[in-house]
Amino acid sequence: MEPAVSLAVCALLFLLWVRVKGLEFVLIHQRWVFVCLFLLPLSLIFDIYYYVRAWVVFKLSSAPRLHGQRVRDIQKQVREWKEQGSKTFMCTGRPGWLTVSLRVGKYKKTHKNIMINLMDILEVDTKKQIVRVEPLVTMGQVTALLTSIGWTLPVLPELDDLTVGGLIMGTGIESSSHKYGLFQHICTAYELVLADGSFVRCTPSENSDLFYAVPWSCGTLGFLVAAEIRIIPAKKYVKLRFEPVRGLEAICNKFTRESQRPENHFVEGLLYSLDEAVIMTGVMTDKAEPSKLNSIGSYYKPWFFKHVENYLKANEGGLEYIPLRHYYHRHTRSIFWELQDIIPFGNNPIFRYLFGWMVPPKISLLKLTQGETLRKLYEQHHVVQDMLVPMKCLSQAVHTFHNDIHVYPIWLCPFILPSQPGLVHPKGDEAELYVDIGAYGEPRVKHFEARSCMRQLEKFVRSVHGFQMLYADCYMSREEFWEMFDGSLYHRLRERLGCQDAFPELLELRSPASLALRCVLVSGLIGTRREVGETSHVRFWHVPLPLAGFQRQPGHRLWLSHKQEGARIPE
């Protein structure tokens, strides 16, 4: 009885403290309290529900029978939208807070939401070495099933909650990408519902132009309803070597050499300062030395990036055998290193042993509860960006990241980029080795200003024929954006498939939230009609409120697409 009374008293005191300080104060300044008491238990319930549901659905084989019916329902929704006059753009009905991206897609409030309840693994064909899945299947679901039957994806991105649809319509990468390419390069077929409600299947040989245009298109060509992905035999462990390297030139040379060695199944680098890094290389194996076995994914184990840092501090290399699924999701528990800013003591052994089994909190729940004030703070004082640059430019790129944002650790992941049609391809006609440079955290550069600093970084990436992952905020103008990405096939298909009136253009989804209504001041203060990208049906509104930080002067008006009629102008 006494423990229950003590717990009730503590809860009462906590609620009283929240009432005195205010909920917003607690969420901003003591966010760990809210995360530990509420979000961690709720996240655990989410995980258990989805795991049990996926297991039951696959065992009972109900998903394949229901899949066709669900696709027909999506087609029905699209046709009803057309019959009602196609007044607004369409988008998926999945709430913006459920996505793994830290961006908040406000466009969903003004667009027609098409409900897509497709979250099941449909079939595993070990003879053809193919898994067929619906778009909302997560990487956690995929690894739980495939590794249990001795198979895996050639490229399996780290975080459990990443979905197949997000990795195709956006992009995905893993430390095996130097062998297999990006996530899109292991896909063999896509099934989509188009703007007119028709169903289409595309492969490299059937509707090939659409097959190559879908990756990175962010749902602006159609609704993905299924995908077929290659699978390969899996082994029990990853034999992982850790090698600390000092000096930027030595780091770049070592990383490039290891990325070019075909015998390495996995290659990854963690850069802890401008001239200190740990380079990791791994191969799959069925045998392990018991004394070197490390189940790094266990809840009581140190966060992976902290564990790797110990090799750097000791200035000596090491060899470990990590269970395959633990390796795939090695960065999940700490959300790379983002969780240290949310729960500062999260890697403390006491916390890990007592509460580590509930970590990490769902990124979607963190977004849902962050509030407008905290969201704005994140936008202005927090960086989450992945820039893809040619490997030959790695040293120059690291210097640029260091000078412009100064965020550490930095994630280095190599990948081969084939010469194929689509939004992203090498400058030449041959495949080229690239590297993903991931920066996640609070910038330490003096006088950091998100827009100007990121525009400077984007300018460098364009200059070396690199690419910016589109899950994050993009500050480029229209001309700059299409200088970075090859839009020739994309625009041709949008016109042919009737997408202009059905889906927003890609750039319109990638702008920061404050610019999401794609408008400019007619008076010439900012932008031109070409930057808006609208080709017809331009209407004028008088707006009485400041937009995106600009004070409206008398006589100024705004250009808005006819698709935004009735949209609320943000204050």
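Residues numbered from 1 in each chain as written. Predicted model: local features only at pLDDT ≥ 70, side-chain atom pairs only at ≥ 80, totals over all residues. Heavy atoms only, no water.

Per an unreviewed UniProt entry, the chain goes by Delta(24)-sterol reductase and derives from Felis catus. Per its UniProt entry, the chain bears the Subcellular location (unreviewed entry) comment "Membrane". The record held by UniProt for the chain lists under Cofactor (unreviewed entry) the comment "FAD". (UniProt positions renumbered as here; feature names shortened; annotations may be inferred.)

For the overall build of the chain, give the residues involved together with the corresponding values.
Helix and strand counts for the chain come out as 21 helices and 19 strands. With 571 residues in all, the chain has 55% of them scored as buried. Contacts spanning at least 24 positions in sequence make up 74% of the contacts within the chain whose residues lie at least 6 apart. When the accessible surface of the chain is summed, it comes to about 25,900 Å², and 55% of that surface belongs to carbon and sulfur atoms. (Helix = DSSP H or I, 4+ residues; strand = E, 2+ residues; numbered from the N terminus. Buried < 20%, exposed > 50% of the residue type's maximum accessible area, 1.4 Å probe, protein only. Contact = heavy atoms within 4.5 Å. Areas by Shrake-Rupley, 256 points an atom, 1.4 Å probe, with all protein chains shown as cover.)

Which residues make up the sheet that holds strand S12 (residues 276–285), and what values do they have?
Read from one edge to the other, the open sheet built from eight strands follows the order S13-S10-S12-S11-S15-S16-S14-S17, with strand pairing classed as antiparallel. Edge positions in the sheet fall to strand S13 (318–323) and strand S17 (467–468), since each has one partner strand and no second. One ladder, built from eight bridges, connects strand S15 (residues 410–417) with strand S16 (residues 432–441); its direction is antiparallel. Following the sheet pairing, cysteine 413 is matched in S16 by aspartate 436. Each of strand S11 (266–273), strand S14 (383–390), S15 and S16 touches helix H16 (residues 394–404); the most contacted strand, S16, lies at about 15° to it. Sitting on the sheet, helix H17 (residues 450–463) touches S14 and S17, and the angle it makes with S14 is about 15°. (Pairing = 2+ DSSP bridges. Axes fitted to C-alpha atoms, helices over the stretch in contact; angles between N-to-C directions.)

Could you give an account of unusual backbone geometry, naming the residues involved and the relevant values?
Of note, the bond from valine 359 into proline 360 is cis; its omega dihedral lies within 30 degrees of zero at 5°. With an omega of 0°, the peptide bond between tyrosine 408 and proline 409 qualifies as cis. You can see proline 409 is positioned in the loop between H16 and S15. At serine 86, a residue that is not glycine, the phi angle is positive and equals roughly 50°. If you check the backbone angles, cysteine 218 has positive phi at about 55° while not being a glycine. For cysteine 218, the position within the fold is in the loop between helix H8 (208–213) and strand S8 (223–230).

Help me get a handle on the environment of histidine 381, residues and values and all.
With respect to the secondary-structure elements, histidine 381 resides in helix H15 (residues 371–381). Considering only alpha carbons, one finds histidine 381 and phenylalanine 448, 67 residues apart in sequence, at a separation of 7.6 Å. Ignoring sequence-local partners within four residues, the contact set of histidine 381 consists of Glu442 and Pro443.

Help me get a handle on the sheet that holds strand S4 (residues 130–133), residues and values and all.
Read from one edge of the open sheet, five strands run S3-S4-S8-S6-S7, paired in antiparallel fashion. Edge positions in the open sheet fall to strand S3 (121–125) and strand S7 (199–202), since each of these has one partner strand only. When the angles between neighbouring strand axes are averaged without regard to direction, this sheet yields 15°. One ladder, built from four bridges, connects S3 with S4; its direction is antiparallel.

Provide a residue-level description of the side chain of histidine 329, including the pertinent values.
For histidine 329, the position within the fold is in the loop between helix H11 (324–328) and helix H12 (339–342). A residue is classified by how much of its surface remains accessible, and histidine 329, at 9% relative accessible area, is buried.

Residue-level account of the nonpolar core, with values.
Counting 154 residues, the largest nonpolar core has Leu153, Phe183, Tyr190, Leu192, Trp216 and Phe485 as the members making the most contacts within it. Not counting residues within four places of it along the chain, the set of residues in contact with leucine 192 comprises Met169, Ser198, Phe199, Val200, Cys202, Leu210, Val214, Gly222, Phe223, Leu224 and Val225. (Core = buried A, V, L, I, M, F, W, Y, C linked by side-chain atoms within 4.5 Å.)

Help me get a handle on the packing of helix H9 (residues 248–260) against H16, residues and values and all.
Where H9 meets H16, the axes come as close as 9 Å, and the angle between the chain directions of the two elements is 130°. With respect to their mutual orientation, H9 and H16 come out oblique. The interaxial crossing formed by H9 with H16 has right-handed handedness. Across the interface between the two elements, Leu248, Cys252 and Phe255 of H9 pack against Leu394, Ser395, Val398 and His399 of H16. Classifying every residue of the contact of H9 with H16 by side-chain character gives five nonpolar, two polar and no charged. (Parallel < 35°, antiparallel > 145°, perpendicular 65-115°, else oblique. Left-handed = near helix turned anticlockwise from the far one by under 90°. Nonpolar A, V, L, I, M, F, W, Y, C, P; charged D, E, K, R; others polar.)

Explain the UniProt feature "transmembrane region" (unreviewed entry) in the chain to me, and be specific about the residues and the numbers.
With numbering aligned to this structure, UniProt lists the feature "transmembrane region" (unreviewed entry) at residues 32–52. When the span residues 32–52 is considered, its composition is 100% helix and 0% strand, and the gap between its end C-alpha atoms is 28 Å.

So, the confidence of the model for the chain: which residues are in play, and what are the values?
Per-residue confidence for the chain gives a mean pLDDT of 82, with 78% of residues at or over 70. Scored below 50 in pLDDT, residues 513–571 makes 97 contacts in the model with residues more than four places away or belonging to other chains. (pLDDT = per-residue confidence, 0-100.)

Run through the packing of aromatic side chains, naming residues and quoting values.
Applying the stated criterion to the full structure yields 23 aromatic pairs. Centroid distance phenylalanine 345 to phenylalanine 351: 5.5 Å. Interplanar angle 70°. Geometry classified as edge-to-face. Judged by relative accessible area, phenylalanine 351 falls into the buried class, the value being 8%. Across the ring face of tyrosine 327, the terminal group of arginine 330 is positioned such that the distance to the ring centre comes to 4.1 Å. (Phe/Tyr/Trp six-rings, centres within 6.5 Å; stacked < 30°, edge-to-face > 60°. Lys NZ or Arg CZ within 6 Å of the ring centre and 35° of its normal.)

Can you tell me about the pairing of S8, naming the residues and giving the values?
Along a regular strand, successive side chains alternate from one face of the sheet to the other. Burial of S8 is extensive: seven of the eight residues sit out of reach of the surface. The pairing of S4 with S8 spans four bridges and is antiparallel. From the neighbouring strand, valine 133 faces S8, where its bridge partner is alanine 227. Relative to S8, strand S6 (residues 187–193) runs antiparallel, the two being bridged by six bridges. Pairing of glutamate 191 across the sheet is with alanine 226, part of S8.

Would you mind going over the pattern of salt bridges in detail, with residue names and values included?
Under the defined criterion, the tally for this structure stands at 22 salt bridges. Among the salt bridges present, the one from glutamate 134 reaches arginine 70, with a minimum N-O distance of 3.6 Å. With glutamate 134 in the loop between S4 and helix H5 (139–146) and arginine 70 in helix H4 (residues 62–83), this residue pair connects regions lying 64 residues apart in the sequence. Of the two residues, glutamate 134 and arginine 70, neither departs from the other in class, the shared state being buried. The residue arginine 261 makes a salt bridge to glutamate 258 at a minimum N-O spacing of 3.2 Å. Arginine 261 sits in the partly exposed class, given a relative accessible area of 36%. (Salt bridge = Lys/Arg side-chain N within 4 Å of Asp/Glu carboxyl O.)

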